[in-house]
Amino acid sequence: GLAVTKPYVEPVKREMAPLLLRGLELTLEDGLTPVLVEASLGRDRLRRDGTGFVTRRSAERFSAADLRQIADSAPERLSPNVLLRPVVEAALWPTVAYVAGPGELGYLPDAAPLYRALDVTPQTPVPRWSGMLVEGRVDRVLEKHGLKLEDFAGPPGEVERRLVRDQLPEDVTEALEGLQRDLRTSYGRLSGGVTQVDPTLERTVESARNAALAGMKEIEKKLVSALKRTSDSLVSQLSRTRAALYPEGEPQERVLTYPSMAIRYGPALLDALMDEVARGTAGS
């Protein structure tokens, strides 16, 4: 009861070809079309250049007739980019629902103009079930510091810097904030007065203000770095938590496998996961 299609096989590529040729008429925000051609450097995006097209990396030139010939004789050389791909899928295989992960769903709003341009009815997006395994040791760290899972989804080190910054003495924090306010206020007044005397000096005042604020930020940065050196335990704890929740900076499901967790917690883990899936989808 499950149909599986390989999008790179010749019959499917041949069905795609007319849509890809129409896709050549579209130019995206990056100045390129949503169509790729197999060229000397591999798959390469095409950019319209006059009456023809040029590949982004290898700078090979193709006329419209060349690409029509490729579509007819070697359609496997043409393929859609990430935004055109769901449009092609919707055209070839009309679907009731498109069950996808967060990455794929994130592309769909950007692909909306392509659906309209090619007169293709969009799929109904349905997020697939997704979860995160939070071990007890991780949960204790989150609770201790009042953190949420999404706090670790940002750039590495951001949570560590924030928590360490919170350890700055109150008088230091107040002094830094007060100095920044005073700098902005004083330079704002100075800029207003300077423009009445010589408007060309406004940029000089702005540059001086930015340099002064940057100096304040540098002082704060050095203070936080000094605290981090004396907060090794906290920083290490948060780093381990980040590695558990977002290994290698990716969602768990893209890096960790079930066996890696089953080795630690035993086969009962699968039953616990299935119970959570059932609980999480009960109202769907």
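For every chain, the first residue of its written sequence is number 1, and the numbers climb from 1 along that sequence. The predicted origin of the model limits local features to residues at a pLDDT of at least 70 and limits the giving and counting of side-chain atom pairs to 80 or more, whereas totals for whole chains, interfaces and linings rest on all residues. As a convention, hydrogens and water are excluded, and side-chain values are obtained from all of the structure's heavy atoms.

## Some remarks on the overall build of the protein chain
Okay, step 1: What counts as a helix is a DSSP run of H or I of at least four residues, what counts as a strand is a run of E of at least two, and both are numbered from the N terminus. When helices and strands are counted, the protein chain shows 12 helices and seven strands.
Okay, step 2: For this measure, only C-alpha atoms enter the radius of gyration; the expected value for a globule follows 2.2 Å times N^0.38, where N is the number of residues. Its C-alpha atoms give the protein chain a radius of gyration of 28 Å, more than 25% over the compact-globule value 19 Å for 284 residues.
Okay, step 3: A simple rule labels every residue: compare its accessible area, found with a 1.4 Å probe on the protein chains alone, to the largest value its type can have, and call it buried under 20%, exposed over 50%, or partly exposed in between. Taken across its 284 residues, the protein chain has 32% of its residues classed as buried.
Okay, step 4: Any pair of residues with heavy atoms lying within 4.5 Å of one another is described as a contacting pair. Considering only intrachain contacts with a sequence separation of at least 6, the fraction spanning at least 24 residues in the protein chain is 59%.
Okay, step 5: For the protein chain, the accessible surface area stands at approximately 17900 Å², while carbon and sulfur atoms represent 54% of it.
Okay, step 6: Positive: Lys, Arg. Negative: Asp, Glu. His and the chain ends are not part of the count. By convention, charge coordinates are those of NZ in Lys, CZ in Arg, CG in Asp, or CD in Glu. In the protein chain, 38 positive and 41 negative side-chain charges are present, and the distance between their average locations comes to 3 Å. What sets the accessible areas is the Shrake-Rupley method with a 1.4 Å probe; for residues, cover comes only from the shown protein chains.

## Some thoughts on the sheet that holds strand S5 (residues 78–80)
Okay, step 1: Pairing between two strands requires that DSSP report at least two bridges joining them. The antiparallel open sheet is built from five strands, whose spatial order is S4-S3-S2-S1-S5. Every other strand in the sheet has two partners, leaving strand S4 (61–63) and S5 as the edge strands with one partner each. Averaged over all neighbouring strand pairs, the angle between strand axes comes to 40°, with direction disregarded.
Okay, step 2: Those strands touched by helix H1 (residues 10–23) are strand S1 (35–39) and S5, and its axis lies near 70° from that of S5. Axis lines are fitted through C-alpha atoms, for helices just across the contact stretch, and the angle between N-to-C directions can take any value from 0 to 180 degrees.

## Digging into the packing of H1 against helix H3 (residues 84–92)
Okay, step 1: Where H1 meets H3, the axes come as close as 10 Å, and the angle between the chain directions of the two elements is 115°. Accordingly, the angle class assigned to the pair H1 and H3 is roughly perpendicular. The element H1 and its partner H3 pack so that their crossing is right-handed. Residues Val12, Glu15, Met16, Leu19 and Leu20 of H1 pack against Leu84, Val88, Ala91 and Leu92 of H3. Here roughly perpendicular refers to angles of 65 to 115 degrees, roughly parallel to angles under 35, roughly antiparallel to angles over 145, and oblique to all remaining angles. Left-handed describes a crossing in which the near helix is turned anticlockwise from the far one by less than a right angle; the clockwise case is right-handed.

## A few points about helix H2 (residues 64–73)
Okay, step 1: Along H2, the residues classified as buried are Leu67, Ile70 and Ala71. Down the axis of H2, the sector holding all buried residues measures 100°, keeping them to one side.
Okay, step 2: Contacts made by the buried residues of H2 are with H1, S1, strand S2 (42–49), strand S3 (52–55), S4 and S5. Directions are taken from the helix axis to each C-beta atom, and the arc is the one they span.

## A word on the pattern of salt bridges
If the charged atoms of two oppositely charged side chains come close together, the side chains can form a pair.
Okay, step 1: Any Lys or Arg side-chain nitrogen found within 4 Å of a carboxyl oxygen on Asp or Glu counts as a salt bridge. Under the counting rule described, the total for this entry stands at 10 salt bridges.
Okay, step 2: Taking the shortest distance from any N to any O, the salt bridge between Asp49 and Arg47 comes out at 3.8 Å.
Okay, step 3: Notably, a salt bridge pairs Arg137 with Glu135, separated by 3.3 Å at the nearest N-O pair.
Okay, step 4: By relative accessible area, which is 38% here, Arg137 ends up partly exposed.
Okay, step 5: A cluster of three or more residues bridged by salt bridges with shared partners is formed by Arg47, Asp49 and Arg61.

Purely geometric numbers; function is a separate question.
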